Amino acid sequence: MPTTGKVSGNLMLIYKDGVAIACTTDASFTLNNEQLEVTCKDNDGARQYILGGQDWNFTVGGIFQFDNVGIDDLTDMAIDKETATIRFGTDVVGDFFLEGDAIISTINITSPLNAPVTYTATLQGTGPITKGITT
Amino acid sequence: MWVRLIRSHGKIKMGKVIKVIPSVARKMIEDKRAIEYTDGFPVKKIKTDFFKPK
């Protein structure tokens, strides 16, 4: 049954090739549509736009674990310059998800004093983003 | 869906409990590469007056 009401952030995960990145603490999706200005004199100063290129990315962050699904795969993906199918959504049948092929544009691992080792990665979309329903 | 791997999946070792999308979980279970994992997760309690006699 699809999720109803307000959704807890804990349900929405980043999946790489269908497998959830484990022990994440943050995930986000950003889409930008390029605006092409087409204002002409006839518009009497009211700016007019049409949309051009579309750019999207996912970011994911979490607690570093050597023996879990996540940073191991992401570092391999970044070093090998691989493309993977990334999904952002829940594992609940009937909920919609956002999915597309992505490459890793940045990955950052931080190991501070008296704090857990954490990582963040930006998964830059390459090609179209699609929206589907979890089945 | 949470599954326990009974075969390694890429670099993920056998025995690991992982969360996967339902379609992947069904394929893994069908191919006998994983079993459904439900242990250790709280069962959601539903509070309702629907079944109470009027």
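As the structure is a computational prediction, the values presented were derived from the model and not from experiment.

Counting its secondary structure elements, chain A contains one helix and eight strands. Radius of gyration (C-alpha) of chain A: 18 Å, far over the 14 Å computed for a compact globule of 135 residues. Along the longest, intermediate and shortest principal axes, the C-alpha atoms of chain A span 65 × 40 × 30 Å. Within chain A, buried positions represent 24% of all 135 residues. In chain A, 63% of the contacts between residues at least 6 apart in sequence involve partners at least 24 apart.

Core analysis: the largest hydrophobic core is formed by 29 residues, its most contacted members being A:Ile14, A:Ala20 and B:Val20. Every element with two or more residues in this core is listed here: β1 (13–16), β2 (19–20), β4 (49–63), α1 (71–79), β5 (84–89), β6 (96–110) and β7 (118–125) of chain A together with α1 (22–30) of chain B. Other than its neighbours up to four places away in sequence, A:Ile14 contacts A:Ile21, A:Thr24, A:Ala27, A:Phe58, A:Val60, A:Ile86 and A:Phe88.

Moving on, we come to α1(A). Residue and element names in this part refer to chain A. Of the residues making up α1, those classed as buried are Ile 71, Asp 73, Leu 74 and Met 77. Each buried residue of α1 lies within a common arc of 160° when the element is viewed along its axis, so the set occupies one face. Looking at the buried positions of α1, the neighbouring elements they touch are β1, β5, β6 and β7. Looking one or two residues past α1, Lys 81 carries a phi angle of roughly 55°, positive in sign.

Looking now at unusual backbone geometry. Residues and elements named next belong to chain A. Phi at Cys 23 is positive, roughly 55°, even though this residue is not glycine. Inspection of the secondary structure puts Cys 23 in the loop between β2 and β3 (24–37). Of the residues examined, Cys 23 has 16 C-beta atoms within 10 Å and is grouped as partly exposed. Despite not being glycine, Asn 114 has its phi angle at roughly 50°, a positive value. Note that Asn 114 resides in the loop between β6 and β7. Asn 114 gets classed as exposed once you count the C-beta atoms within 10 Å, which come to 4.

The next thing to look at is the confidence of the model for chain B. Residues with a pLDDT of 70 or more make up 70% of chain B, whose mean pLDDT is 78. If you check the scores for this complex, the pTM reads 0.83 and the ipTM reads 0.79.

Turning our attention to the sheet that holds strand β3 (residues 34–36) of chain B. Picture the strands of a sheet paired through backbone hydrogen bonds; they go either parallel or antiparallel. Residue and element names in this part refer to chain B. With respect to topology, three strands assemble into an open sheet ordered β2-β1-β3, the strand pairing being antiparallel. Sheet topology places β2 (17–19) and β3 at the edges, where each strand pairs with a single neighbour. With strand direction ignored, the average angle separating the axes of adjacent strands in the sheet is 35°. Across the sheet, α1 is in contact with β1 (2–5) and β3; its angle to β3 comes to roughly 120°.

Cut-offs and rules
- Residues numbered from 1 in each chain as written.
- Chains lettered and ligands numbered in written order.
- Predicted model: local features only at pLDDT ≥ 70, side-chain atom pairs only at ≥ 80, totals over all residues.
- Helix = DSSP H or I, 4+ residues; strand = E, 2+ residues; numbered from the N terminus.
- Rg over C-alpha atoms; globule rule 2.2 N^0.38 Å.
- Buried ≥ 20, exposed ≤ 12 C-beta atoms within 10 Å, placed from the backbone.
- Contact = placed C-beta atoms within 7 Å.
- Core = buried A, V, L, I, M, F, W, Y, C linked by C-beta atoms within 7 Å.
- Arc of directions from axis to C-beta.
- pLDDT = per-residue confidence, 0-100.
- Pairing = 2+ DSSP bridges.
- Axes fitted to C-alpha atoms, helices over the stretch in contact; angles between N-to-C directions.

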